[in-house]
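# Observations on the three-dimensional arrangement
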Amino acid sequence: MRTALAFSTVLSLTSAHFTLDWPTARGFSDDTAGNFPCGGLDSVKTPRTSWPVSGAPVQLNMHHDQTRVAVYISIGEDPGSNYSVMLKPQLSMQGLGDFCVGSVSLPEGLNVTDGTPATIQVVTNGDPSGGLYQCADVTLTTKTLSEQDYGSHCKNRTGVKVVEENIAGNPNGTASGDSPSQSAAPSGTAAPPPSGGAVLPTAAPWLFGAVGLAGLALL
Ligand SMILES: [Cu+2]
């Protein structure tokens, strides 16, 4: 019975690829989830979510058992398709359900202040090729999240793990072996991922909320 229940849960999840649960996504359309940008949802959604510049989680819900993930941001009221700034270089993760990309912070040198509007775009590898896209419209804030708020927006289902971090390229170009599309991250101002790409067989340091918060306190 337990097996049957788990199986039906997996079946019910397979259609949505992944969802961006926090900051609040523009929405999700299964038919257009593979359309750049934002999975076909072109309109800015209000109210925007307040998102701390100093380090905040991005809460996803994964519906494939293996996924490449990267997070980008575009500064401004309505970015169109200009997602040139990388917040989290491509990583490889395993597992279904809640997955928190923790302690995401803005690279230095961006001209932002408290209240600057921006849009976060999460890109994953496609199904089976290309990419999948979800966006959330945010207001950048210098206010940090309380420990409780951080925890409520940073959950990991048991068994979810990061396999590798700082992988070169973009998730929309890695699934099929095709040459990477430049659409998700034009090379212009994107922060280069640290070289090396450490393999983390168990868990990234930011994977769990409490650890992510501890890291945050050091900033
Ligand atoms: Cu899918």
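Residues numbered from 1 in each chain as written. Predicted model: local features only at pLDDT ≥ 70, side-chain atom pairs only at ≥ 80, totals over all residues.

The protein goes by Copper acquisition factor BIM1-like domain-containing protein in an unreviewed UniProt entry, where it is assigned to Massariosphaeria phaeospora. In its Subcellular location (unreviewed entry) section, the UniProt record describing the protein reads: "Cell membrane". (UniProt positions renumbered as here; feature names shortened; annotations may be inferred.)

### Side note on the environment of Gly130
Summarising the element assignment, Gly130 is placed in the loop between β7 (117–125) and β8 (131–141). On the basis of neighbour count, Gly130 is assigned to the partly exposed category, with 18 C-beta atoms found within 10 Å. For Gly130 and Asn172, which are 42 residues apart along the polypeptide, the C-alpha to C-alpha distance reads 4.8 Å. Ignoring sequence-local partners within four residues, the contact set of Gly130 consists of Gly34 and Asn172. (Helix = DSSP H or I, 4+ residues; strand = E, 2+ residues; numbered from the N terminus. Buried ≥ 20, exposed ≤ 12 C-beta atoms within 10 Å, placed from the backbone. Contact = placed C-beta atoms within 7 Å.)

### Remarks on the nonpolar core
Ranked by size, the top nonpolar core spans 40 residues in total, and within it Leu60, Val71, Tyr72, Leu87, Ile120 and Val122 carry the most contacts. Elements that contribute at least two residues to this core include exactly β1 (18–22), β3 (56–62), β4 (66–75), β5 (85–94), β6 (97–104), β7 and β8. No other element matches β8, which puts six residues into this core. Leaving out residues up to four positions away in the same chain, Ile120 has contacts with Pro23, Val58, Val71, Ile73, Leu87, Cys135, Ala136 and Val138. (Core = buried A, V, L, I, M, F, W, Y, C linked by C-beta atoms within 7 Å.)

### Details of the sheet that holds β4
Taken together, the six strands give an open sheet; going across it, the order is β2-β8-β7-β4-β5-β9, and neighbouring strands pair in mixed fashion. Lying at the two open borders of the sheet, with one neighbouring strand each, are β2 (49–52) and β9 (161–167). Each adjacent strand pair in this sheet contributes to an overall mean axis angle of 35°, direction not counted. One ladder, built from four bridges, connects β2 with β8; its direction is parallel. Residue pairing in the sheet places Thr49 in a bridge with Val138 of β8. (Pairing = 2+ DSSP bridges. Axes fitted to C-alpha atoms, helices over the stretch in contact; angles between N-to-C directions.)

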